[in-house]
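Here's the letter readout for the chains.
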Amino acid sequence: MPLSRFPAIEECIEAFRRLPGVGPKSAQRIVFHLLTKDPEAARRIASACASLHERVRLCPTCAMLVEGEAGGADCRVCGDRDPSLLCVVEEPADVFAVERAGGFRGRFHVLMGVISPLEGVEAEDLTIRQLAERVKAEGVKEVILALNPNMAGEGTSLYLARILKPMGVRVTQLAHGLPMGSHLEYADEMTLARSLEGRREI
Amino acid sequence: MHISHLHVFPQIHSPYYFYYSLILKIQTQETRKNPPVRLVRLALRHFRNYPALSLEPAPGFNYLFGPNGAGKTNLLEAIHFLTRLRSFRRASRRGMIEEGQLGMYLRGEFRREEGAAAGVTLEAAVQDHERKYRVNGKEEGDLLSYLDQVHTAVFFPESLQIVKEGPALRRAFFDRALAAENPAHLAAAREYNRLLAERNRLLKGGANSDILAVWDRRFLKSAARIVARRQRYLGSLRGHLALLECSLASALGRRIEVEYTAEGTGLSGETWEHLAGGEEDPEAAAEAVLAQSAARAAAEERRRGVTQWGPHLDDFRIRLGTRRARDAASQGEQRLLTLALVMAAAGSFRAARGEEPIILLDDLSSELDERCRGDVLGHLAATGAQVFITSTEAPGSRAGGAGAGRFHIEKGILSAR
Ligand SMILES: Nc1ncnc2c1ncn2[C@@H]1O[C@H](COP(=O)(O)OP(=O)(O)OP(=O)(O)O)[C@@H](O)[C@H]1O
Ligand SMILES: [Mg+2]
Ligand SMILES: [Zn+2]
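Residues numbered from 1 in each chain as written. Chains lettered and ligands numbered in written order. Predicted model: local features only at pLDDT ≥ 70, side-chain atom pairs only at ≥ 80, totals over all residues.

**Some remarks on the overall build of chain B**
So, point 1. When helices and strands are counted, chain B shows 13 helices and 15 strands.
So, point 2. Sequence separation of at least 24 residues holds for 73% of the intrachain contacts in chain B that already meet a minimum separation of 6. (Helix = DSSP H or I, 4+ residues; strand = E, 2+ residues; numbered from the N terminus. Contact = placed C-beta atoms within 7 Å.)

**As for the packing of helix α1 (residues 7–17) of chain A against helix α2 (residues 24–36) of chain A**
All names here are of chain A.
So, point 1. α2 packs onto α1 with a crossing angle of 125 degrees between their chain directions and a minimal axis gap of 8 Å. Here α1 is positioned oblique relative to α2, judged by the angle of their axes. The way α1 lies across α2 gives a crossing that is right-handed. Across the interface between the two elements, Ile9, Cys12, Ile13, Phe16 and Arg17 of α1 pack against Pro24, Ala27, Gln28, Ile30 and Val31 of α2.
So, point 2. Partitioning the contact of α1 with α2 into residue classes produces eight nonpolar, one polar and one charged. (Axes fitted to C-alpha atoms, helices over the stretch in contact; angles between N-to-C directions. Parallel < 35°, antiparallel > 145°, perpendicular 65-115°, else oblique. Left-handed = near helix turned anticlockwise from the far one by under 90°. Nonpolar A, V, L, I, M, F, W, Y, C, P; charged D, E, K, R; others polar.)

**Some words on the interface of chain A and chain B**
So, point 1. If you look at the interface, chain A gives 11 residues, while chain B gives 14 residues.
So, point 2. Of the residues that constitute the side of chain A that touches chain B, the class distribution is eight nonpolar, one polar and two charged.

**Some words on the environment of A:Pro149**
All names here are of chain A.
So, point 1. Inspection of the secondary structure assignment puts proline 149 in the loop between β5 (142–145) and α6 (151–164).
So, point 2. Under the C-beta neighbour-count criterion, proline 149 is labelled buried, with 21 such atoms within 10 Å.
So, point 3. Along the primary structure proline 149 and glycine 198 are separated by 49 residues, whereas in three dimensions their C-alpha atoms are 15 Å apart.
So, point 4. When neighbours within four sequence positions are excluded, proline 149 is seen to be in contact with Leu178, Pro179, Met180, Gly181 and Ser182. (Buried ≥ 20, exposed ≤ 12 C-beta atoms within 10 Å, placed from the backbone.)

This is the structure we're talking about:
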C-alpha cells in the first residue's frame with residue numbers, strides 16, 4: 001500500500017524530512033512513533049513550536065536570541081559585558097559554542113549568515129551595517145571574527161576586516177586550530193578556547 | 001622484445017647528455033627500490049558484456065586480443081573504473097551496467113611486492129543511484145582516499161584529442177595527471193572554480209566595490225596557486241619527456257616541447273619565465289605576473305561582466321620540433337606524441353610517488369608502425385610497469401617476454417592462451 005494514500009501522514013513526514021539532520025527514514029520513524037506510541041508528545045511538540053516565535057526574538061542590537069520582554073536590556077550578551085571586545089559569529093548557535101568554551105568576557109554580534117554571491121547573499125542581507133554602527137558607538141577596541149573555517153567564512157572575514165580596520169579597531173581572527181570545513185557549533189570546547197586565545201590579526 | 005634502445009643515450013655532444021644520463025640512472029634505481037603496483041586478480045559481475053569474469057593477469061605485459069566487439073576495451077574500462085571511479089570513455093556509470101541488469105560489481109586485488117601478502121583490495125558496487133566503494137573490505141566514504149589507492153594511466157584512440165583538439169581536454173589531462181601526483185591540487189581546483197563562479201556573479205551583479213576588491217584578491221591568489229602548480233608540474237614533465245625522446249628517438253627524432261600559455265592575457269611560456277624569473281617562491285612569482293593580467297583586463301571585465309583571464313582559459317601548447325603538433329604533426333606522430341605525454345606523466349608520477357601506475361593501452365597497433373610500437377613497448381618494459389594491451393591480432397609468440405599474459409576474448413568470454 002503506497003504512502004500516498006495517507007496524505008496526512010505523508011505531509012507530516014515531509015515536514016520532518018526537511019529539518020537539518022533528518023533523513024527520509026528517520027522522518028518516517030518519528031511520525032509513526034508520534035502516531036502510535038506517544039500521541040502526547042505530538043501535542044507538546046506542536047504547542048512548543050507554535051509559540052516559539054512569539055517567545056523568542058532577536059536582539060535588535062546584536063541579533064542574538066532573546067527570551068522574555070523584548071528589547072536590548074534583556075539580551076544577556078549585550079548587557080553587563082566588556083564593551084571593548086566584540087566577537088562576531090555567523091549564527092546564534094555559535095554564541096552558545098563560544099560561551100561554552102568559556103573565558104570570553106566581551107560582547108557578541110551575530111551576522112545571521114555569510115556573504116555568498118552564488119546564493120545571492122550580499123553584505124546588505126547580513127547585520128553588517130549594525131556591526132559598523134556598534135563599533136563606532138560602543139567604544140570597541142578589538143573585533144574578533146569567529147566565523148566558520150570554510151571558504152564563505154574566510155571571504156566574509158576578509159571583507160569585514162577591510163571595512164572595519166579603517167575605523168581604527170584591531171581586527172583579529174580565530175587561530176587555525178579548527179580544521180578547514182569544520183563548524184564552530186560542533187567544535188570541542190578546548191579547541192575553541194585555544195583558537196580564541198591564539199587569535200591573530202587579520 | 002627489444003629494449004636495448006632505451007640505453008642509447010643522446011649524442012655525447014648534446015648539452016643535455018649529462019642531464020639525461022643522470023635522470024636515467026636515478027630512474028632505474030628508483031624502479032628497483034619501489035616495485036610497481038600490480039593487479040593480481042580481477043572479478044566482474046554484470047559489467048557491460050561480461051555477466052561474470054575473473055582474470056589473473058601477469059605481473060608485466062598482458063595482451064587482450066579478439067575480434068571487434070569482443071569486449072577488449074570493456075575490460076580496460078573495468079580496470080580504469082575500479083581504480084579511478086570513472087570511465088575513460090564518455091560513459092555514465094549506468095551505461096556500464098550489463099544490459100538488462102540492475103547493478104554491477106567490480107573487485108580487484110592489487111599487490112605491491114612480488115609474492116607478498118600485503119596489498120589492497122578495491123571493490124566498487126553500483127546499483128540504481130546507490131554506490132558503494134570499499135577498500136580492503138571497509139566502506140570508504142572519502143572518495144579522494146579511495147582514488148589514492150591505485151593509479152592507472154590510459155591511452156585509447158580518443159586520447160589523441162589531447163594533442164588535436166581544443167584546450168579544455170589538455171587542461172583536463174594535465175590537471176588530472178597533476179592531481180594524481182598531488183591530491184591537494186583537486187581541492188585547489190575546486191576552490192578556484194568556486195571563486196571564479198562567485199567573481200563572475202559579482203561582476204555581473206555590480207557588487208559593492210569593497211566586496212569585489214576582496215574577491216579579486218582571493219581569486220588572484222587562487223589562480224596563482226593553480227598556475228604555479230601547473231608550471232612546476234610541467235617542469236617535472238619536461239624531464240620525463242626528454243627521457244622519452246631517447247626511447248622514442250628512432251620514431252620521433254625531434255624534441256617534444258610543452259609550453260604553458262596564458263591565452264586570456266597572451267602570455268607565452270617564455271614571457272612567464274622572463275617575468276617570473278629570479279623569484280624564489282613560484283606562487284608569489286605567478287601572483288605578480290597575474291596581477292598585471294588582472295589590471296589589464298579590469299576595464300573589459302567590468303564591461304562584459306565576465307572574468308577574462310585565469311588558468312581556466314590557459315593552454316598547454318604542444319610542439320614537435322619547431323612546429324605546433326596539432327597543425328603540423330601526422331596522424332601517427334600525434335598518436336606517438338600523445339603516448340609520450342601519457343608515459344611522461346606516468347614517469348613523473350613514479351618520481352613523485354615512488355610507484356609506476358598500471359598502464360592501459362587500447363588499440364595500440366592501429367596507425368602506429370612496428371618500429372614505433374616497439375619503441376613504446378620497449379620503454380614500458382624498462383619501467384617494469386604492469387601493462388594491458390588490446391589488439392584484434394594475436395600477439396607474436398615472443399611478445400612481452402616469457403611471463404607475459406595472453407588472453408583471448410570473444411563475446412565476453414575470456415580464455416588464457
Ligand atoms: N552495458 C552493456 N551491456 C551489454 N553489452 C554491452 C554494454 N555496453 C557495451 N556492450 C557491448 O560490448 C561489446 C564489446 O565492446 P568493446 O568496446 O569492449 O569491444 P572491443 O573488443 O574493444 O572491440 P573493438 O576491437 O571493435 O574495439 C559491444 O558489442 C557492445 O555492444
Ligand atoms: Mg575496442
Ligand atoms: Zn544583544
